[in-house]
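Close look at the chain arrangement
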Amino acid sequence: MGAFGRVRYVLTDDEIRTALDPIIECRTADTKLTTMGAGSDALEPGRRWLAAAVEGGWAKPTWPARYGGRDASAQEDAAIGRIMREYAVPDLYAYMIGLGMVGPALLAHGTDAQRDRWLRPIASGEEIWCQMFSEPEAGSDLANVGLGADADGEEWILSGQKVWTSRAMWAAWGIVLARTDPEAPKHKGLTMFAIPMDAPGLEVRPLVQMNGDEHFSEVFMDECRVPDSGRVGEVGEGWRVAMTILAHERAGGSRGGGEGKAKESLVPRWLSDAVGDGHTADPVWLERAMEAHTFDQVASWTSQRAAAAAGSPGPAGSGNKLRSVRTYKQRAWLTTEAQGPHGMLTDTHGHIELMTAPSMSIRGGTDEIQRNIVGERVLGLAGEPRLDREVPWKNSRKGLIQ
Ligand SMILES: Cc1cc2nc3c(=O)[nH]c(=O)nc-3n(C[C@H](O)[C@H](O)[C@H](O)COP(=O)(O)OP(=O)(O)OC[C@H]3O[C@@H](n4cnc5c(N)ncnc54)[C@H](O)[C@@H]3O)c2cc1C
C-alpha cells in the first residue's frame, strides 16, 4: 500500500462481457421487451438467470461475496449495469422486492443471522419477497399503519390487514410494517418484521388490475406468530427501516431487466420495436420518440451519477422515480400509437404497458408525494402543515376506529 492507499482494480467493459457471455444471451432483433411484470407471470426465466448469476455475484454486484454479490464498488456496479443492458436479462419484476429493496434494508438494519439466512436465497432467486406496507387509510400517509403486533414472550402476534401487496402470492417471505405502540405518535410506534407467507393465520387474496394482471393482493393476518428473531431493526424503529426500503424502491429498486438495447446498438428496444402502420416514418412521431429517448437517457445517467456519488439513494430517489414514471408513460403511449389499430389489441406489448402506465404514478408512493419529498427534503422548501405528528396514534382517526 503506497501513500495514496491501495488502488482498487476495476473490471474493464470487455472483462465484464467475457464473464457474462456464457451465462446470459445477448440481445437480438427478436428479443421481446417486457418490464415490471406487465402482462406476464413467467417466474422461471428470472429464476434461471439469478441462479446462474449468483455464482459470480453479477445480479447484486455491490453485496458482499458471501451473500451472493462480488464486493463491487459503486463505479464497477454502474459499469456492470450499463453493460448488462446489452444482454437479454429477463424481467426480474417478481424478484425485485428482495433484490432491490429488502436486501439493502437487511444490509443496513438486519442482524448477521438475518443476513446469513435471507440474502443469498434472495440473490439466487430461490426466495421471493413481498412488501406489506400499505393498508386502507395508510398509503400516502404510510405512518398511519394500524396492523398490530403485540409482544408475547419471545414472540410477536400480528393481526390486521394489508392491501396492494405486489407478488404476495408468489412470495416465501414478506416484510411487514406493524404498530407495536399505539400510545406513541404515529411515526414512533412502528416496528418492521419478516414473516413467512405460509404462516398460520395469514391469508392472501389476489386483486385484478386494469391491465389484466393479478400481481397484487389483500393480505389478512389473524394472530400470526413471528419470533423476535424475525424483527428487522429495533422496536419502534420501523419507520427508519421503511424509509430505507422506500428510498431504494424510488431510486429504481423495483425495476430490473426486461429493457435494454442490442449489443453495439444505440437504439433501445422499445424504439426498434415500435414498427407498424407507418408511424415510424412520420417525422413528428420520430421527433417525439427522440425527445422521450433523450429524456430517458439523461434520467438514467443522472440516477447512475447519484448512485455512484451517494452509495445509498436517500430522498433524491424521489426525483428518479418521477423521471422514470414520465419516461414509462411516454414510451407506452408512443409504442401504442406506432402500432396503430393493432396496438389496441390486449396482447401487444405497447397496449399492456399503456394499461400499466397509470399505476406507475401510484406504486412506491404517488407523484404528488414524490414532489412533496423533493420539495421538502431535497430543496428545503417549507413543509406541509402536519397536525398529527406528536399526537398518540391511538387518538388519530384510524387509531380511534381500529
Ligand atoms: C401496481 C401497484 C403496486 C403496489 N404494490 C405495493 C406493494 O407491494 N406493497 C405496498 O405496501 N403497497 C403497494 N402499493 C400501494 C401504493 O404504495 C399506494 O397505493 C400509494 O402509496 C398511494 O396510497 P393510496 O392508494 O392509499 O392512496 P391515497 O394515499 O389515498 O391517495 C389518494 C390521492 O391523494 C393524493 N394525496 C394523498 N396525500 C397527499 C398529500 N399529502 N399531498 C398531495 N397529494 C396527496 C395522492 O397523491 C393520490 O392522488 C401498490 C400500488 C400499485 C398501484
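Scope of this entry: the structure provided in the associated data block. (Residues numbered from 1 in each chain as written. Predicted model: local features only at pLDDT ≥ 70, side-chain atom pairs only at ≥ 80, totals over all residues. Heavy atoms only, no water.)

Another point: the packing of aromatic side chains. In the structure shown here, the tally under the stated rule is five aromatic pairs. Where tryptophan 118 meets tryptophan 129, the ring centres are 5.3 Å apart and the plane angle is 90°; that geometry is what we call edge-to-face. Here tryptophan 118, found in helix α5 (residues 112–123), pairs with tryptophan 129, found in strand β1 (residues 129–132); they are eleven residues apart in sequence, far enough to count as distant. Across the pair, exposure class does not vary: tryptophan 118 and tryptophan 129 are buried alike. Look at tryptophan 118 and tryptophan 173: their rings are 5.1 Å apart centre to centre, the planes differ by 70°, and that puts the pair in the edge-to-face class. Of this pair, tryptophan 118 sits in helix α5 while tryptophan 173 sits in strand β4 (residues 173–179); the two residues are 55 residues apart in sequence, bridging distant segments of the chain. (Phe/Tyr/Trp six-rings, centres within 6.5 Å; stacked < 30°, edge-to-face > 60°. Helix = DSSP H or I, 4+ residues; strand = E, 2+ residues; numbered from the N terminus. Buried < 20%, exposed > 50% of the residue type's maximum accessible area, 1.4 Å probe, protein only.)

Moving on, we get to the pattern of salt bridges. Taken as a whole, this structure holds 24 salt bridges when the rule is applied. Of the charged contacts in the structure, one is a salt bridge between glutamate 135 and lysine 162, with a shortest N-O distance of 2.8 Å. Taken together, the residues glutamate 135 in the loop between β1 and β2 (148–152) and lysine 162 in strand β3 (residues 155–166) connect sequence positions 27 residues apart. We note that glutamate 135, like lysine 162, is buried. The salt bridge involving glutamate 237 is made with arginine 240; its shortest N-O contact spans 2.6 Å. A residue is classified by how much of its surface remains accessible, and glutamate 237, at 30% relative accessible area, is partly exposed. What emerges from the salt-bridge pattern is a single network uniting Asp14, Arg17 and Glu86. (Salt bridge = Lys/Arg side-chain N within 4 Å of Asp/Glu carboxyl O.)

Below, the discussion takes up the site of the ligand. Near the ligand you find 19 residues, and of these Ser140, Trp164, Ser166, Thr366 and Glu368 are the closest. Within the backbone of tryptophan 164, one N or O atom sits 2.9 Å away from a nitrogen atom of the ligand. A distance of 3.3 Å separates a nitrogen atom of the ligand from a polar side-chain atom of asparagine 372. Taking 980 Å² as the accessible area of the ligand by itself, protein coverage stands at 68%. The pocket occupied by the ligand, as judged from atoms lying within 2 Å of grid points, is the second largest pocket. Taken together, the elements giving at least two residues each to the shell around the ligand come down to β3 and α11 (367–378). Grouping the constituent residues of the shell around the ligand by class yields five nonpolar, eleven polar and three charged. (Near = heavy atom within 4 Å. Polar contact = N/O pair within 3.5 Å; in protein donor to acceptor, adjacent residues only side chain to side chain. Areas by Shrake-Rupley, 256 points an atom, 1.4 Å probe, with all protein chains shown as cover. 1 Å grid on protein atoms, 1.4 Å probe; cavity = no way out; pocket = protein on both sides within 12 Å on 5 of 7 lines; lining within 4 Å. Sits in = over half its atoms within 2 Å of the grid points. Nonpolar A, V, L, I, M, F, W, Y, C, P; charged D, E, K, R; others polar.)

What follows is about the pairing of strand β7 (residues 216–227). Across a regular strand the side chains alternate sides, sitting on one face of the sheet and then on the other. When β3 meets β7, the two strands line up antiparallel, connected through nine bridges. Across the sheet, residue tryptophan 156 finds its bridge partner in β7, namely valine 226. With six bridges connecting them, strand β6 (residues 202–207) and β7 associate as antiparallel partners. In the sheet register, leucine 202 faces β7, and the bridge partner there is methionine 221. (Pairing = 2+ DSSP bridges.)

Turning our attention to helix α1 (residues 13–20). Among the residues of α1, those classed as buried are Ile16, Arg17 and Leu20. For α1, the arc enclosing every buried residue in end-on projection is 100°, short of the 170-degree limit, so these residues lie on one face. Exposed side of α1, more than 90 degrees from the buried face: Asp14 and Thr18 are the residues found there. In this fold, the buried residues of α1 make contact with α2 (44–53) and α3 (74–84). (Arc of directions from axis to C-beta. Contact = heavy atoms within 4.5 Å.)

What follows deals with the nonpolar core. Judged by nonpolar contacts, the single largest core of 68 residues is most densely connected at Trp49, Leu158 and Met221. Residue contributions to this core reach at least three from each of two domains, namely domain 1 (13–123) and domain 2 (129–247). Those residues in contact with leucine 158, other than ones at most four positions away along the chain, are Leu147, Gly148, Ala149, Val176, Phe193, Met221, Asp222, Glu223, Cys224 and Val226. Formed by eight residues, the second largest nonpolar core is a distinct cluster that contains Tyr328, Ala332, Ile352 and Ala357. (Core = buried A, V, L, I, M, F, W, Y, C linked by side-chain atoms within 4.5 Å. Domains from an automatic or database assignment.)

Coordinates in, geometry out; function isn't part of it.
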